[in-house]
Structures are given as structure tokens and as C-alpha cells.
Amino acid sequence: MLDKRDIQNLMYCVRVTETSGQWQSGYPVRTPNDLEIKLAGLLRELDGRRPVVRAA
């Protein structure tokens, strides 16, 4: 299972690859935006599993 840091690193790699012009189209076609949306969803899922600790 990926943790939050892994997902953030993947998001960074997608952005760097896109902005440097090294993004290659593949099949099925996946855009950088599609991947970032999926990674953001994983982050939200991970955050939803953790209990929120609030100051008293």
C-alpha cells in the first residue's frame, strides 16, 4: 500500500515530467491531469482512514 509521501512523490514526478516536455502519450491515453486526479483521490482516501486528532 502506498503512503501519503509516496503519492505526493508520484504527483511531483508527473508534474516534472509534464513541464519538462518529456511526457509521452501511451495507450490507453492517460494525461497528466488524469493521473493527478487519481492520485489526489488516493490521498483523500488515506486521509479519510486516519482519525482526526483535535486540540482540546
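Keep in mind that what you see is a predicted model, and the values were worked out from it rather than measured.

K.L.:
Can you help me understand the overall build of the protein chain in this one?
P.N.:
Scanning the protein chain for helices and strands turns up 2 helices and 0 strands. Looking at the protein chain as shown, the accessible area adds up to about 4900 Å², and 54% of this sits on carbon and sulfur atoms.

K.L.:
Is there a simple way to explain a nonpolar patch on the surface in this structure?
P.N.:
Together, Leu2, Leu10 and Leu42 make up an exposed nonpolar region whose accessible area comes to about 220 Å². For Leu10, the position within the fold is in helix α1 (residues 4-19).

K.L.:
Hey, could you run me through helix α2 (residues 32-49) in this one?
P.N.:
Residues spaced three or four apart along an α-helix face the same direction, because each turn holds 3.6 residues. A rise of 1.5 Å per residue sets the reference length of α2, with its 18 residues, at 26 Å; its end C-alpha atoms lie 26 Å apart and thus fit the reference within 8%. Listed as buried for α2 are Pro32, Glu36, Leu39, Leu43 and Leu46. Summarising the axial view, the buried residues of α2 lie within an arc of 80°, below the 170-degree limit, and thus occupy one face. Of the exposed residues in α2, those oriented more than 90 degrees away from the buried face are Lys38, Arg44, Gly48 and Arg49.

K.L.:
What exactly am I supposed to notice about α1 here?
P.N.:
Over its 16 residues, α1 runs 23 Å from end to end, which matches the ideal 22 Å to within 8%, given 1.5 Å per residue. The complete set of buried residues in α1 reads Ile7, Met11 and Val14. Taken down its axis, α1 places every buried residue within 60° of arc, on the same side. Seen from the buried face of α1, the exposed residues on the opposite side, beyond 90 degrees, are Arg5, Tyr12 and Thr19. Tucked inside the fold, the buried residues of α1 contact α2. Gly21 lies just past α1 and shows a positive phi near 80°.

Rules and cut-offs
Residue numbers restart at each chain and count upward from 1, following the sequence in its written direction. In keeping with the model being predicted, local features are shown solely for residues with a pLDDT of at least 70 and side-chain atom pairs are shown and tallied solely at 80 or more, while totals for entire chains, interfaces and linings include all residues. Hydrogens and water are ignored here; the side-chain numbers use all heavy atoms of the structure. Each helix is a run of H or I in the DSSP string that is no shorter than four residues. Each strand is a run of E no shorter than two, and both are numbered from the N terminus. Only the protein chains shown count as cover for residues, and all accessible areas are computed by the Shrake-Rupley method using a 1.4 Å probe. To count toward a patch, a residue needs a relative accessible area over 30% and no salt bridge; like charges are then connected within 9 Å, while nonpolar side chains (Val, Leu, Ile, Met, Phe, Trp, Tyr) are connected within 5 Å. Whenever a carboxyl oxygen of Asp or Glu lies within 4 Å of a side-chain nitrogen of Lys or Arg, that contact is scored as a salt bridge. Each residue after the first adds 1.5 Å to the expected span of a helix. Each residue gets one of three labels from its accessible area relative to the maximum for its type: buried under 20%, exposed over 50%, partly exposed in between, using a 1.4 Å probe on protein chains only. To obtain the arc, one takes the directions from the helix axis to the C-beta atoms. The criterion used for residue contact is that any of the two residues' heavy atoms lie within 4.5 Å.

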